[in-house]
Every structure is written in C-alpha cells, then in structure tokens.
Amino acid sequence: MQELAGKHIVLGLTGGIACYKSAELCRLLVKAGATVQVVMTEAAAQFITPVTMQALSGRRVYTSQWDAREPNGMPHINLSREADAIVLAPASADFIARLVQGRSDELLSLMCLARPMERVPLLIAPAMNREMWSHPATQRNLRQLDADGARVLGVGNGWQACGETGDGRMLEAVQLFEDIVAQFQPKVLAGERIVVTAGPTFEALDPIRGITNHSSGKMGFAIARAAREAGAEVTLVAGPVHLPTPRNVRRVDVVSAADMLQATVLACEDASVFVATAAVADWRPAAHSEHKIKKDGGGKAPSLQFVENEDILLTVAKGARAQGGQLFCVGFAAESENLVEHAKAKRARKGIPLLVGNIGPLTFGQDDNSLLLVDADGVRELPRAPKLTLARELVAEIAARLPSRSRR
Ligand code: C5P
C-alpha cells in the first residue's frame with residue numbers, strides 16, 4: 001500500500017545512538033510513497049553518516065543553515081514550507097530543551113521554529129537514557145512542547161545502549177511509521193470511544209483440546225487501527241490470535257466466548273460505538289473435563305454435548321437500548337452464500353443499525369476482502385481492497401451515521 005503517496009516528510013535527526021533506527025524509518029517512508037528530506041544536526045552526523053541517509057532518501061542531506069544550494073540562502077524557510085510534516089527521530093534531551101526555548105542557532109532548530117504551525121505538524125520521537133527521560137526537566141520540557149503544539153510520540157521500554165534498562169528508548173521504526181501514517185488520517189471519530197471484538201474464540205473441551213475456527217482477527221485489528229487513526233479511544237477485545245496490537249489501542253486478550261462477553265460488556269459501559277467483528281463460537285462443550293479425555297481402547301468415540309453461547313452483540317445492543325443509550329452497534333456476518341439476504345435478515349434479528357457482510361472463505365486469513373454494508377436505506381458494496389483500506393472506509397461510514405455527528 002502506498003500509504004504516503006504525495007506526502008513530503010522532513011526527517012530531522014539529532015544526536016543519539018537511535019539514529020540507526022532512523023535509517024529504517026526513512027526506508028519505510030520512501031517505500032510507502034513519501035518523499036523524504038533528511039536534515040541532520042552536527043551531533044547526529046557523529047552517529048550515522050549523511051551519506052547513508054542520502055542513499056536511503058535519494059536526496060542530499062541538509063546539515064547547515066549556510067547550505068549554498070538554496071538560491072535565496074534560506075533553507076530553514078524553504079524546507080519547512082515544502083513539508084507535510086516534520087518528524088524528529090531521534091529527538092535528544094538537549095534538542096528538546098532547545099526547542100522549548102525557541103533556540104535557532106543551527107538549521108534543524110531554526111527550521112522547527114520557522115515552520116508554519118497551523119499546517120505543518122511537528123512529530124517528536126524522544127530517545128535517551130532512562131534517568132534523562134524521567135528527569136523532571138525533560139518531563140517539564142515535553143509537557144511544554146505538547147502545549148506549544150508539537151506531538152510527542154512517546155518512548156519504548158527495555159534494554160538501552162548504555163547497559164541500563166527502562167524507559168527512554170526510541171520507538172521502533174515500524175511504530176513511528178504507523179504514527180506518521182495515522183497523522184494524515186481524517187479525525188472523524190475524535191472524542192468517540194469504540195470497542196471492537198476480533199478473532200475467534202476457543203472453547204475448551206479439556207486441558208489439551210478445544211473448538212475454534214479459522215478467523216485470523218485481521219479485519220478486527222484493522223478496524224481497531226483505523227478507528228484509532230480517526231481519533232477514537234479504542235478497546236480491542238481479542239480472541240486467541242498472533243497479531244501485533246495496533247499503536248495506542250487498549251487490548252484485552254480473552255479465550256472463550258464467555259470471557260469475551262464479560263470483557264466486552266465492561267468495555268462498552270462508557271463506549272459510543274461497538275463493532276462486533278469476532279467470529280464467536282456459537283456453542284461450547286456442556287462440560288469441561290479437568291483432565292485429558294482419553295481413548296478407551298475399544299474404538300468408542302466420546303459423545304460430546306454442547307450448549308449455546310450467549311450472543312455478545314445481541315446482549316450488548318439490547319442492554320444499550322434498554323438504557324436508552326447512544327451505543328452505535330455494528331455487526332459482521334460471515335456467510336458462504338446468499339450474502340444479501342442473510343445480511344439483511346441478520347441486521348433485523350440483531351436489531352442493529354449497520355451490518356457488514358462478507359464471504360467467510362474469501363476473508364479468513366486473507367489480507368484483503370470485500371464488504372457489503374447493509375443499513376435501513378439498503379445495501380452498498382465496498383469492493384475488494386486491503387483490509388486496512390476497507391477498515392478506514394468503514395470507519396468513515398460509521399462516523400457519518402453517528403447520531404452525535406448529525407447534532408454537531
Ligand atoms: O449470528 P451470527 O453469529 O452469524 O452473527 C454474527 C455477528 O454476531 C458478528 O458480528 C459476531 O461478532 C456477533 N456474535 C456475537 N456473539 C456470538 C455470536 C455472534 O457477538 N455469540
């Protein structure tokens with residue numbers, strides 16, 4: 001996906017060992033279709049060479065305000081006006097302090113000060129030793145930068161180059177990349193709280209075995225990511241899947257349908273949108289054997305009894321209606337045939353405003369899908385596309401239908 005096609009990113013590097021990660025970040029940005037102009041401080045050039053960043057960005061790096069390439073002699077003006085965003089990665093403690101003071105005695109700080117604030121966001125990826133990070137001066141400076149309109153992207157936790165362990169590592173390149181992509185998404189769900197269920201459930205028979213399905217969780221995880229990008233606070237209730245948590249999404253891991261019901265009801269208490277993407281098991285074994293069910297050697301298979309699981313979507317939607325609440329519920333239907341009829345019937349049965357239909361065998365485990373949106377006005381198809389693209393389209397459709405929106 002060329003997620004940053006047409007975007008021009010100014011990538012600023014300051015002095016820190018995390019500069020090695022910025023090489024990878026630059027590569028990811030270029031691969032996603034962005035043009036990248038690298039600007040480095042003198043200290044940054046001690047950690048990684050401008051030649052490396054030039055090769056990865058395909059552009060000559062700027063390191064000085066006296067760069068003779070600019071006909072008007074003002075690289076700080078020209079570079080900051082061309083940018084769709086300025087990303088400082090790594091941002092050292094010293095550079096952050098300098099930004100707070102509005103200092104401008106070298107190109108990168110000069111350019112940050114000269115940026116048109118209303119149109120060019122400044123994203124900051126701090127990187128420093130844990131003591132420097134937790135020092136009141138640094139924390140005070142970061143709060144000030146935030147108040148001054150910059151976006152501080154946070155730090156990672158773990159082993160540091162100095163040999164200590166704690167907060168202050170620069171975020172990984174893929175995490176920064178996700179944050180930069182998110183920056184450009186329209187904030188259509190700002191102020192909303194959304195709960196998404198995703199993946200299969202696992203209904204245990206005994207300590208060894210259980211019943212599950214082929215849901216990969218990819219669609220639900222994409223919806224959680226898209227909702228977060230759109231400015232919502234997101235809780236993702238995930239069945240057993242092996243997928244990384246989207247950035248800045250609260251994840252609650254569950255195993256069985258009963259666990260998922262409990263976690264979802266709790267999360268929906270103060271939510272405004274609920275999207276039920278999970279492929280919840282319809283039945284669970286009536287009894288759970290404490291020990292492994294053994295073969296009896298006589299060729300006789302055990303007879304298993306099942307009981308129906310509670311329908312999470314139905315329960316949550318009913319509960320919200322009973323309380324006269326404003327929870328906007330979206331259901332999914334994975335069918336193998338007659339999608340339109342099944343989807344319409346399911347929307348009516350669940351009593352929800354929007355039902356999204358898809359063909360199970362064409363979506364499970366895939367990276368792309370096509371969706372059929374069924375609401376009171378009829379049916380609309382979102383044609384085959386990557387799941388993240390569909391998720392963003394679905395988020396826009398949900399936002400347009402929110403009662404709170406029409407009042408605004
Ligand atoms: O009735 P069916 O299982 O086909 O409905 C699918 C929709 O209902 C999905 O949105 C799914 O997440 C939700 N569902 C649920 N709890 C269940 C079964 C389905 O939330 N026990």
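Calculation notes
- Residues numbered from 1 in each chain as written.
- Predicted model: local features only at pLDDT ≥ 70, side-chain atom pairs only at ≥ 80, totals over all residues.
- Heavy atoms only, no water.
- Helix = DSSP H or I, 4+ residues; strand = E, 2+ residues; numbered from the N terminus.
- Buried < 20%, exposed > 50% of the residue type's maximum accessible area, 1.4 Å probe, protein only.
- Contact = heavy atoms within 4.5 Å.
- Areas by Shrake-Rupley, 256 points an atom, 1.4 Å probe, with all protein chains shown as cover.
- Pairing = 2+ DSSP bridges.
- Core = buried A, V, L, I, M, F, W, Y, C linked by side-chain atoms within 4.5 Å.
- Near = heavy atom within 4 Å.
- Polar contact = N/O pair within 3.5 Å; in protein donor to acceptor, adjacent residues only side chain to side chain.
- Phe/Tyr/Trp six-rings, centres within 6.5 Å; stacked < 30°, edge-to-face > 60°.
- Lys NZ or Arg CZ within 6 Å of the ring centre and 35° of its normal.
- Salt bridge = Lys/Arg side-chain N within 4 Å of Asp/Glu carboxyl O.
- Axes fitted to C-alpha atoms, helices over the stretch in contact; angles between N-to-C directions.
- Parallel < 35°, antiparallel > 145°, perpendicular 65-115°, else oblique.
- Left-handed = near helix turned anticlockwise from the far one by under 90°.
- Nonpolar A, V, L, I, M, F, W, Y, C, P; charged D, E, K, R; others polar.
- Patch = residues over 30% accessible without salt bridge, like charges linked within 9 Å, V, L, I, M, F, W, Y side chains within 5 Å.

Colleague: Just to check I follow, could you spell out the overall build of the chain for this structure?
Modeller: Each helix and strand counted, the chain has 16 helices and 19 strands in total. With the C-alpha coordinates of the chain rotated into their principal frame, the extents come out at 85 × 55 × 40 Å. Across the 408 residues in the chain, those meeting the buried criterion constitute 50%. Of the contacts formed within the chain by residues at least 6 apart in sequence, a portion of 67% connects residues at least 24 apart. A total of about 19,600 Å² of accessible surface is found on the chain, and carbon and sulfur atoms cover 52% of it.

Colleague: I tried to follow the pairing of strand β6 (residues 156-159) on my own but got confused; where do I start?
Modeller: As judged from the four bridges shared by β6 and strand β7 (residues 165-169), these two strands associate in the antiparallel manner. Along β7, the bridge assignment pairs G156 with R169. From the end of β6 to the start of β7, which pair antiparallel, there are five residues, and G163 there has a positive phi angle of about 100 degrees.

Colleague: What is the right way to read the nonpolar core from this model?
Modeller: For soluble globular proteins, the rule of thumb is that nonpolar side chains tend to be buried together. In this structure, V275 and I398 are the most contacted members of the largest nonpolar core, which totals 37 residues. With residues up to four places along the chain from it excluded, the contact list for V275 reads I194, V195, V196, T197, I223, V330, F332 and I398.

Colleague: What should I look at first to understand the site of the ligand in this one?
Modeller: As a matter of local geometry, the ligand sits amid 13 residues, with A276, A278, L313, F332 and K346 nearest to it. One of the backbone N or O atoms of A278 is found 2.7 Å from an oxygen atom in the ligand. E310 is positioned with one of its backbone polar atoms (N or O) 3.0 Å from a nitrogen atom of the ligand. Considered on its own, the ligand offers 450 Å² of accessible surface; in the complex 87% of this is hidden by protein.

Colleague: Mind showing me how you'd approach the packing of aromatic side chains here?
Modeller: Both the distance between ring centres and the angle between the ring planes are used here to describe each pair of aromatic rings. In total, this model carries zero aromatic pairs according to the counting rule given. Positioned above the aromatic ring of Y62, the side-chain terminus of R69 is 3.9 Å from the ring centre.

Colleague: How should the pattern of salt bridges be read in this particular structure?
Modeller: Following the criterion strictly, the structure yields 23 salt bridges and no others. One salt bridge in this structure joins D368 and R384, with 3.5 Å as the shortest N-O distance. With D368 in strand β18 (residues 368-375) and R384 in strand β19 (residues 378-386), this pair connects stretches of sequence that are 16 residues apart. Of the charged contacts, one joins R401 and D375 as a salt bridge, the two residues approaching to 2.8 Å between their closest N and O atoms. Taken as a pair, R401 in helix α15 (residues 387-401) and D375 in strand β18 lie far apart in primary sequence, 26 residues in all. Given a relative accessible area of 26%, R401 falls into the partly exposed group. Taking relative accessible area as the criterion, D375 reaches 15% and is therefore assigned buried.

Colleague: For this particular structure, what's the right way to read the packing of helix α4 (residues 75-82) against helix α6 (residues 107-114)?
Modeller: Working note: a packed helix pair is described by the angle between its axes plus the distance between those axes. Taken N-terminus to C-terminus, the directions of α4 and α6 make an angle of 55 degrees; their axes are 8 Å apart at the nearest point. Classified by the interaxial angle, the pair formed by α4 and α6 is oblique. Here α4 runs over α6; the crossing is right-handed. Facing P75, H76, I77, L79, S80 and R81 of α4, the residues of α6 in contact are L107, L110, M111 and A114. Broken down by class, the residue content of the contact of α4 with α6 amounts to seven nonpolar, two polar and one charged.

Colleague: Sorry if this is basic, but what is going on with a nonpolar patch on the surface here?
Modeller: Where nonpolar side chains cluster on the molecular surface, the patch consists of I17, Y20 and F47 and spans about 350 Å² of accessible area. Relative to the elements of secondary structure, F47 occurs in helix α2 (residues 44-47). Judged by its relative accessible area of 44%, F47 is partly exposed.

Colleague: Looking at this structure, how should I read the environment of C329?
Modeller: Mapping C329 onto the fold places it in strand β16 (residues 328-335). The exposure class of C329 is buried, given its relative accessible area of 3%. Between the C-alpha atom of C329 and that of K318, which follows or precedes it by 11 residues, the distance is 10 Å. With sequence-adjacent residues up to four places away left out, C329 is seen in contact with F274, L313, A317, I352, P353 and L354.

Colleague: Just checking my understanding: could you explain the sheet that holds strand β1 (residues 8-13) for this structure?
Modeller: Strand pairing in a sheet takes place through backbone hydrogen bonds and is either antiparallel or parallel in direction. Within the open sheet, the five strands sit side by side as β2-β1-β3-β4-β5. Their pairing is parallel. The sheet is open, and its two borders are formed by β2 (35-40) and β5 (151-152), each paired with just one other strand. The pairing of strand β3 (residues 85-91) with strand β4 (residues 122-126) spans four bridges and is parallel. Looking at the pairing, A91 lines up with P126 of β4. Seen against the sheet, helix α9 (residues 173-183) touches β1, β3, β4 and β5 and runs at an angle of roughly 165 degrees to β4.

Colleague: What's the story with the side chain of E178 in this structure? I'm lost.
Modeller: Structurally, E178 is set in helix α9. What E178 contacts, discounting residues up to four positions off in sequence, is R225, P246 and R247.

Colleague: Quick question: what am I supposed to make of the sheet that holds β16 here?
Modeller: Pairing in this open sheet of eight strands is mixed, and the strands run β12-β11-β8-β13-β16-β17-β18-β19 from one edge to the other. Taken across any chain shown, the strands that pair with only one partner, and hence form the sheet edges, are β12 (250-253) and β19. Ignoring which end each strand starts from, the neighbouring axes of this sheet average 20 degrees apart. Where strand β17 (residues 354-359) meets β18, three bridges bridge the pair, whose relative direction is antiparallel. Opposite V356, over in β18, you have L373 as the bridge partner. Contacting β8 (193-198), β11 (233-238), β12, β13 (273-276), β16 and β18, helix α10 (residues 218-229) runs over the sheet at an angle of about 170 degrees to β11.

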